[in-house]
Amino acid sequence: MTLSDISIKKPVFAWMLMAAMILFGWIGFTRMGVSQLPDVDFPMVNVSISFEGAAPEVMETEVADVLEDAVMTIQGVKEVSSTSRHGNTNVSIEFELNRDIDVALQEVQTKIAQAQRQLPREIDPPIITKTNPEDQPIMWISLSGEKPIKELMEYTRDHLKDQFTTVSGVGEVFLGGFIEPNLRIWMDLDEMNRRELVVDDVVQAIQTEHAEAPAGRIETGKEELNVRVMGEATSIEEFQNIIIPGRRGAPIWQIFRIKDVADVEDGLADIRRISRVM
């Protein structure tokens, strides 16, 4: 006996069955989860190349165009876009949704390696990473205070960033408008001429003297000790007392220190980007 025979012989059962199907169907429809913005992982690869001092026009013609031509032949490429700035180029490659992003990343690396000889020799090695548009920042938090801007920068880098990174659900913390603290050395031309020094002598002194290097180990019958040279300056005063050991590659038999030919200032790096919050 089929369902149609039962429905004909027992019409009440058929009406009750249809009513139950309509009722439970309506309940299931109202409780069905529907996402207006579904979570879709777009297979994208980003290529970043830096060329110190190059104008945006040079980055576009000498770097971006070469990279775009190289990756366009990869199978499954949906769209290629690039952004060129002063000294930097970013090329974004979007693939089809069914494309394996790990395999695509390897193919992009291969194509970039083949196109290396067409790029300027002075560029930095390309940085190739997997990206996802959904990983872009969705929350901006501003910091202000009565303290000097240098102290605010150090507090943000050393304390706030680590605290935000450990928050559940936070994938990455980007510091917009952040300026790295550094030391500025202002050379005194008259003192440099009087001591017959050039800027390269001071730079060489900083590179060789302001560094911590391993010095081997000391072995005894019962223990083994690591030895290192504590050469890094921990304060402005120590940095000012760094000795300039050479003049144009030749040793100097008189003690010259950085403070004798320059003023050292504890400041910030060059401001090349700012962030405004209204």
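Preceding this section is the structure that the text describes.
Residues numbered from 1 in each chain as written. Predicted model: local features only at pLDDT ≥ 70, side-chain atom pairs only at ≥ 80, totals over all residues. Heavy atoms only, no water.

Asker: Please explain the sheet that holds strand β3 (residues 88-95) as it appears in this structure.
Answerer: Remark on secondary structure: sheet strands pair via backbone hydrogen bonds, oriented parallel or antiparallel. Strand order in the open sheet made by the 4 strands is β2-β3-β1-β4, with antiparallel pairing throughout. If you trace the sheet from one side to the other, it starts and ends with β2 (77-85) and β4 (127-131), each paired once. Averaged over all pairs of adjacent strands, the angle between strand axes in this sheet comes to 20°, irrespective of strand direction. Bridging between strand β1 (residues 44-50) and β4 involves 5 bridges; their strand directions are antiparallel. Within β4, the position partnered with S48 by the bridge is I127. Across the sheet, helix α3 (residues 56-71) is in contact with β1, β2 and β3; its angle to β2 comes to roughly 165°. This element, helix α4 (residues 101-114), spans β1, β3 and β4 of the sheet and lies at about 160° to β4. (Pairing = 2+ DSSP bridges. Helix = DSSP H or I, 4+ residues; strand = E, 2+ residues; numbered from the N terminus. Axes fitted to C-alpha atoms, helices over the stretch in contact; angles between N-to-C directions. Contact = heavy atoms within 4.5 Å.)

Asker: Got a minute to help me understand the side chain of T89 in this structure?
Answerer: Tracing the chain through its elements places T89 in strand β3. One polar contact links T89 to S84, side chain to side chain, over a distance of 3.3 Å. If we skip the residues at most four places from it in the chain, T89 touches V47, S48, I49, M59, V63, A64, T83 and S84. (Polar contact = N/O pair within 3.5 Å; in protein donor to acceptor, adjacent residues only side chain to side chain.)

Asker: It is not clear to me how the environment of S168 should be interpreted in this structure. Could you clarify?
Answerer: Relative to the helices and strands, S168 is located in the loop between α5 (149-165) and β5 (181-187). Taking relative accessible area as the criterion, S168 reaches 76% and is therefore assigned exposed. Residues S168 and V47, spaced 121 residues apart in sequence, show a C-alpha to C-alpha distance of 29 Å. (Buried < 20%, exposed > 50% of the residue type's maximum accessible area, 1.4 Å probe, protein only.)

Asker: Honestly, α4 in this entry has me stumped. Any pointers?
Answerer: A turn of α-helix holds 3.6 residues, and therefore any two residues three or four places apart point the same way. The terminal C-alpha atoms of α4 lie 20 Å apart, and with 14 residues this matches the ideal 20 Å at 1.5 Å per residue to within 8%. Within the span of α4, buried status applies to A104, L105, V108 and I112. For α4, the arc enclosing every buried residue in end-on projection is 105°, short of the 170-degree limit, so these residues lie on one face. α4 presents Q106 and A113 as exposed residues on the side facing more than 90 degrees away from its buried surface. On its buried face, α4 is in contact with β1, α3, β3 and β4. N-cap assignment for α4: the residue whose side-chain oxygen lies 3.2 Å from the backbone N of D102 is D100. (Expected span 1.5 Å × (residues − 1). Arc of directions from axis to C-beta.)

Asker: What's the story with a nonpolar patch on the surface in this structure? I'm lost.
Answerer: Together, I138, M139, I141, F164, V167 and V170 line one region of the surface with nonpolar side chains, adding up to about 630 Å² of accessible area. Structurally, the position occupied by I141 is in the loop between β4 and α5. (Patch = residues over 30% accessible without salt bridge, like charges linked within 9 Å, V, L, I, M, F, W, Y side chains within 5 Å. Areas by Shrake-Rupley, 256 points an atom, 1.4 Å probe, with all protein chains shown as cover. Salt bridge = Lys/Arg side-chain N within 4 Å of Asp/Glu carboxyl O.)

Asker: Explanation requested: a negative patch on the surface in the structure shown.
Answerer: Together, E57, E60, E62, D65 and D69 line one region of the surface with negative charge. Tracing the sequence through the fold places E62 in helix α3. With a relative accessible area of 39%, E62 lands in the partly exposed category. (Lys, Arg positive; Asp, Glu negative; His and termini not counted. Charge placed at Lys NZ, Arg CZ, Asp CG, Glu CD.)

Asker: Just to check I follow, could you spell out the environment of I123 for this structure?
Answerer: Tracing the backbone shows I123 in the loop between α4 and β4. Separated by 54 residues in sequence, I123 and D69 have C-alpha atoms that sit 18 Å apart. Not counting chain neighbours up to four residues away, the residues in contact with I123 comprise I49, S50, F51 and Q116.

Asker: Would you mind showing me how to read the environment of A64 here?
Answerer: Mapped onto the fold, A64 is located in helix α3. Along the primary structure A64 and L119 are separated by 55 residues, whereas in three dimensions their C-alpha atoms are 9.5 Å apart. In this structure A64 touches M59, S82, S84 and T89, once residues within four positions along its chain are discounted.

Asker: Even after reading the chapter, I still don't get the pairing of β2, so can you show me in this structure?
Answerer: In summary, the side chains of a regular strand alternate between the two faces of the sheet. As judged from the 8 bridges shared by β2 and β3, these two strands associate in the antiparallel manner. Looking across to β3, one finds that S82 is bridged to V91. Here β2 hands over to β3 after 2 residues, with G87 in that stretch at a positive phi of 80°.

Asker: Explain the nonpolar core to me, please; I cannot follow it from the model alone.
Answerer: Considering soluble globular proteins, one finds that nonpolar side chains tend to be buried as a cluster. By size, the foremost hydrophobic cluster in this structure holds 25 residues, and its most contacted members are V47, L67, I93, F95 and V108. Mapped by element, the contributors of at least two residues to this core are β1, α3, β2, β3 and α4. Here this core takes 6 residues from α3, the largest share from any one element. In this structure, L67 is in contact with V47, I49, V91, I112 and L119, ignoring residues within four places of it in sequence. In this structure, V202, I206, I252 and V261 belong to the second largest nonpolar core, which totals 15 residues. (Core = buried A, V, L, I, M, F, W, Y, C linked by side-chain atoms within 4.5 Å.)

Fair warning: the whole summary comes from geometry, so function is off the table for now.
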